[in-house]
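Structural features, examined
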Amino acid sequence: MVKVLFFGQLKELLDCNETSVDIAEPATVDDIKNELKLRSERWANLLSNGPVLVAINHSMSMSSDQVNNGDEVAFFPPVTGG
């Protein structure tokens, strides 16, 4: 099982800050996203459209990076500073 966190506007639009996903190893971030997209059309749209950054265990990651059972995956929109 993978713990999935959402931050920023993504958290607000999904109305969810945390969930979990059962995975078969090996899995990638894309596999996690695809599993989440099955939850509803709104989730599919929000996770497919626009930029979404991801971190695995607090390290910035790419969609092709491997995810293991027990990992924490966080999705969040890009942040700009000023």
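What comes next is a walk through the structure.

Thresholds applied
- Residues numbered from 1 in each chain as written.
- Predicted model: local features only at pLDDT ≥ 70, side-chain atom pairs only at ≥ 80, totals over all residues.
- Heavy atoms only, no water.
- Helix = DSSP H or I, 4+ residues; strand = E, 2+ residues; numbered from the N terminus.
- Rg over C-alpha atoms; globule rule 2.2 N^0.38 Å.
- Buried < 20%, exposed > 50% of the residue type's maximum accessible area, 1.4 Å probe, protein only.
- Contact = heavy atoms within 4.5 Å.
- Areas by Shrake-Rupley, 256 points an atom, 1.4 Å probe, with all protein chains shown as cover.
- Lys, Arg positive; Asp, Glu negative; His and termini not counted.
- Charge placed at Lys NZ, Arg CZ, Asp CG, Glu CD.

Turning our eyes to something else, we now look at the overall build of the chain. A tally of helices and strands in the chain yields three helices and seven strands. Ordered by position in the sequence, the α and β elements of the chain form the string β-α-β-β-α-α-β-β-β-β. Its C-alpha atoms give the chain a radius of gyration of 12 Å, within 12% of the compact-globule value 12 Å for 82 residues. Counting only C-alpha atoms, the chain reaches 40 × 30 × 20 Å along its principal axes. Of all 82 residues assigned to the chain, the portion counted as buried reaches 37%. When contacts within the chain are restricted to residue pairs at least 6 apart in sequence, long-range pairs at least 24 apart make up 53% of them. Working note: accessible area of the chain is about 5,000 Å², and carbon and sulfur atoms make up 48% of it. Taking the average place of the 6 positive charges on the side chains of the chain and the average place of its 12 negative ones, the gap between the two points comes to 6 Å.

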